[in-house]
Amino acid sequence: TIYRKWPTKAELVLAALSAVTDMFPSRPSSGNLRDDLRQHLRLLLAFTVSPRGQSLLRLPLLRAPEPELARIARQLSEAKLAQLVEQLSPAVERGEMAAGADVRLLLDMLWGIVLARVVQRSEVLDDATIDRAVDMLLAAARVGPPASQGRKAAARRGPAQKNRRSRPRGAAPA
């Protein structure tokens, strides 16, 4: 039986999910963030429309996950996400993203278009739409966080720190 190779349900699920994460090969950055993101989105799309992808995407809908299985799925997902973030992070040094750009959020937003268009609305996601989505996200990633984020961070700091930050260099404290 199947349990000769995988003695527990958790080990079986780990093997199955590991096979799925292997569908997204880790490879070095191409040196072009746009190309890397377009390739990643195409791989994600191919997985999502595959029978294996359709099955795995629907699993959480069938019943609440068992804690051990949910933990395994989270660990594998986090490991793959960490690899992708590491692969894409040099884009900041190349000037393709602003310093402080949130690579994880960028990936979440890319995955969101697949979930919204393909999974929820059963639309076809063509190359032109993939290109537009990547270009829109990259335009935002190049700009960086809005200036209001800096003001919010200053508001969270204590008054002494806030005054020190807002005072011109060489000026005496108030």
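Residues numbered from 1 in each chain as written. Predicted model: local features only at pLDDT ≥ 70, side-chain atom pairs only at ≥ 80, totals over all residues. Heavy atoms only, no water.

(A) Region of the structure containing the pattern of salt bridges. Scanning the model with the defined rule gives 9 salt bridges in all. Here R38 and D35 are joined by a salt bridge, their closest N and O atoms 3.4 Å apart. Taken together, the residues span about one helical turn, with R38 and D35 both in helix 3 (residues 33-49) at a distance of 3 residues. Judged by relative accessible area, which is 17%, R38 ranks as buried. Residues E96 and R94 are paired through a salt bridge, measuring 2.6 Å at the closest nitrogen-oxygen approach. Its relative accessible area of 15% is what places E96 among the buried residues. Judged by relative accessible area, R94 falls into the partly exposed class, the value being 35%. (Salt bridge = Lys/Arg side-chain N within 4 Å of Asp/Glu carboxyl O. Helix = DSSP H or I, 4+ residues; strand = E, 2+ residues; numbered from the N terminus. Buried < 20%, exposed > 50% of the residue type's maximum accessible area, 1.4 Å probe, protein only.)

(B) Structural detail: the nonpolar core. The biggest cluster of nonpolar side chains holds 25 residues, and the ones touching the most others in it are L37, L41 and M97. At the level of elements, helix 3, helix 5 (67-88), helix 7 (103-120) and helix 8 (127-143) are the ones that each hand at least two residues to this core. Element by element, the count of residues in this core is highest for helix 7, at 7 residues. Those residues in contact with M97 that sit more than four places away from it in its chain are L33, L88, A91, V92, V103, L106, A141 and R142. (Core = buried A, V, L, I, M, F, W, Y, C linked by side-chain atoms within 4.5 Å. Contact = heavy atoms within 4.5 Å.)

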